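These are the residues of each chain, in order.
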Amino acid sequence: MPVVNSWNEWDTLREVVVGSATGACFEPTEPGNRPQVRGPGDLPFPTGPKSDEAVHRADEQLEGLAAVLAGQGVTVRRPEPYDFSRSLRTPGFEVENQYCAVCPRDVMITLGNEILEATMSRRARYFEYEPYRKLVYGYWEADQRVGWTVAPKPTMADSMYRQDFWEWPLEERHARMHDSEFCVTQDEVVFDAADMSRFGRDILVQESMTTNRAGIRWLKRTLEPKGFRVHPVHFPLDYFPSHIDCTFVPLRPGLILTNPDRPIRDAERRMFTENDWKLVDAPEPVLTNDDMPPYCQSSKWLSMNVLSVSPDTVICEEQEKPLQDLMYSLGFEVLTVPFRDVFEYGGSLHCATWDIRRDGTREDYFPSLSSRPAV
Ligand code: ABU
């Protein structure tokens, strides 16, 4: 098997990268992001490095995840240290500090035997591929079957963003949501890797605040000649969509964990129902949106951001008992780790990992689409 080989989200995991909070900073306010402190009052969002204590707590939980994976026989790699406190100045923008290497899934994706680096959508994440470059070179040098594609970097200049997006009143947001218009315009190719979900030959891409239609067109033109089929997907009740892995989470062939607050567009559901996939709603998370950590910008649905170790074993957050019960009832073996101290870095177990190698090959899980031409 090539050293890089992963075609879907569930086959048996052999090698994975687990993120690191070391050097992490608060995400800065910028045209593509308006972080807010949760809770009462209107406190300014902090800037600069996270506290040593917050980093230590998150790193302990990330190391706990790495240990559980190693216990399952998975080879675990970690990002290189990187100084995120450095400001950036490019021809298109300036930003006071960068973010973190907690969520490799947002930046990097393995598509079969190829590694793809996303464009990213936010300034503070422009260079977020760097902590993974040494690993990428290692895989690329080790095996000539390994492909490596870097998506075009957008300018991230003011013109790339709709600055008024954040002030749209709810009615306008509702109307524009159905047109899939968000804070990023359609003028440049923009996508985060975490808006993609892999089903063998078929790749879903969520149109979102972090992935635009130009990004999806670029993915189609790049991947479809290689034999993939790329499907844009939409979840019109999610007013601030960003990353698909708290919304639509495949667990094994024929089974998807879905978010009851964010149903998929009717026309897009058909591809699954016509091919005998079962969509099962996640239970209400234990943490409400109000209970999420004050600096966390993600939703309570981090509960469903699970990591599959194999088609019958899944890792869940330790306190999410209702979700664990659902997994048991669906026939999974459930491993648990504490992970809430990682939430303020934008993700849970799926976000904080990037799979390099899983068993299996490219399969067609949607035979009813096979009559369609691939390009
Ligand atoms: N980075 C994943 C966050 C998605 C969500 O808040 O639902």
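Everything discussed here concerns the structure shown above.
Rules of the game
- Residues numbered from 1 in each chain as written.
- Predicted model: local features only at pLDDT ≥ 70, side-chain atom pairs only at ≥ 80, totals over all residues.
- Heavy atoms only, no water.
- Helix = DSSP H or I, 4+ residues; strand = E, 2+ residues; numbered from the N terminus.
- Rg over C-alpha atoms; globule rule 2.2 N^0.38 Å.
- Buried < 20%, exposed > 50% of the residue type's maximum accessible area, 1.4 Å probe, protein only.
- Contact = heavy atoms within 4.5 Å.
- Areas by Shrake-Rupley, 256 points an atom, 1.4 Å probe, with all protein chains shown as cover.
- Arc of directions from axis to C-beta.
- Pairing = 2+ DSSP bridges.
- Axes fitted to C-alpha atoms, helices over the stretch in contact; angles between N-to-C directions.
- Phe/Tyr/Trp six-rings, centres within 6.5 Å; stacked < 30°, edge-to-face > 60°.
- Lys NZ or Arg CZ within 6 Å of the ring centre and 35° of its normal.
- Near = heavy atom within 4 Å.
- Polar contact = N/O pair within 3.5 Å; in protein donor to acceptor, adjacent residues only side chain to side chain.
- Right-handed = clockwise from strand over helix to strand, strands pointing away.

Asker: Is there a simple way to think about the overall build of the protein in this case?
Answerer: Across its full length, the protein holds six helices and 17 strands. Its C-alpha atoms give the protein a radius of gyration of 19 Å, near enough to 21 Å, the size a compact globule of 375 residues would have. Dimensions of the protein along its principal axes, counting C-alpha atoms only, are 50 × 45 × 45 Å. Within the protein, the fraction of its 375 residues that count as buried is 60%. For the protein, the share of sequence-separated contacts (at least 6 apart) that also reach a separation of at least 24 residues comes to 74%. For the protein, the computed accessible surface area is about 14,800 Å², with 49% contributed by carbon and sulfur atoms.

Asker: What am I meant to see in helix H6 (residues 321-329) here?
Answerer: Note that an α-helix has 3.6 residues per turn; residues three or four places apart therefore point the same way. Among all positions in H6, only Leu 323, Gln 324, Leu 326 and Met 327 are buried. Projected down its long axis, H6 carries its buried residues within an arc of 160 degrees, all on one side. Buried-residue contacts for H6 involve strand S11 (248-252), strand S12 (255-258), strand S13 (278-281), strand S15 (313-317) and strand S16 (333-337). Remark: Gly 331 follows H6 within two positions and exhibits a positive phi of approximately 95 degrees.

Asker: Could you clarify how one ought to interpret the sheet that holds S16 in this entry?
Answerer: Sheet strands pair by backbone hydrogen bonding; their relative direction is either parallel or antiparallel. Pairing within the open sheet is mixed, and its three strands lie in the order S14-S15-S16. Looking at strand neighbours, the two that pair on one side only are strand S14 (307-310) and S16, the edges of this open sheet. Direction aside, the axes of adjacent strands within the sheet are offset by 30 degrees on average. As paired elements, S14 and S15 share three bridges and run antiparallel to each other. Note on S15: the bridge partner recorded for Ser 310 is Thr 313. Where helix H1 (residues 52-71) meets the sheet, its contacts fall on S14, S15 and S16, and the angle it forms with S16 comes to roughly 150 degrees.

Asker: Quick question: what am I supposed to make of the packing of aromatic side chains here?
Answerer: Per the stated rule, a full pass over the model turns up 28 aromatic pairs. Seen in terms of ring centroids, Phe 272 and Trp 277 are 6.4 Å apart; in terms of plane orientation they differ by 85 degrees. Their pairing is edge-to-face. One exposure class covers both Phe 272 and Trp 277, and it is buried. An aromatic cluster is present here, built from Trp 10, Phe 199, Phe 235, Phe 248, Phe 272, Trp 277, Tyr 365 and Phe 366 joined pairwise through their rings. A cation over an aromatic ring shows up here: Arg 362 above the ring of Phe 228, its NZ or CZ 4.7 Å from the ring centre.

Asker: Where do I start with the sheet that holds strand S6 (residues 114-117) in this structure?
Answerer: Taken in spatial order, the three strands make up an open sheet running S5-S6-S7, and their pairing is mixed. In this open sheet, the two strands that pair with only one neighbour each are strand S5 (108-111) and strand S7 (147-150). Each neighbouring strand pair of the sheet contributes to a mean axis angle of 20 degrees, computed without reference to strand direction. One ladder, built from four bridges, connects S5 with S6; its direction is antiparallel. If you follow Thr 110 over to S6, its bridge partner there is Ile 115. Across the sheet, helix H2 (residues 130-142) lies against S5, S6 and S7, angled at about 145 degrees from S7, the strand it touches most.

Asker: Before we go on, may I ask you to explain the pairing of strand S17 (residues 353-358) in this structure?
Answerer: Each regular strand displays side chains that alternate between the two surfaces of the sheet. In terms of residue burial, S17 counts as a mostly covered element, since six of its six residues are buried. Relative to S17, strand S1 (residues 13-18) is paired through five bridges, and the arrangement is antiparallel. Across the sheet, the residue bridging to Glu 15 is Arg 357, located in S17.

Asker: How should I be thinking about the site of the ligand in this particular structure?
Answerer: Surveying the vicinity of the ligand reveals the residues Ser 242, His 243, Cys 246, Arg 262, Ser 298, Ser 299, Gly 346 and Cys 351. Contact distances for the ligand include 3.1 Å between a nitrogen atom and a side-chain N or O atom of His 243. At 3.0 Å from an oxygen atom of the ligand is found a side-chain nitrogen or oxygen belonging to Arg 262. Protein coverage of the free-state accessible area of the ligand, which is 250 Å², stands at 90%.

Asker: I tried to follow the pairing of S1 on my own but got confused; where do I start?
Answerer: Among the six residues in S1, five count as buried, and that is most of the element. With respect to chirality, the unit in which S1 leads through H1 into the neighbouring parallel strand S2 (residues 75-77) is right-handed.

Asker: It is not clear to me how the side chain of Asn 33 should be interpreted in this structure. Could you clarify?
Answerer: Locating Asn 33 in the fold gives a position in the loop between S1 and H1. Within polar-contact distance, the side chain of Asn 33 engages the side chain of Glu 27 at 3.0 Å. Among residues more than four places away in sequence, those in contact with Asn 33 are Glu 27, Pro 28, Arg 122 and Trp 166.

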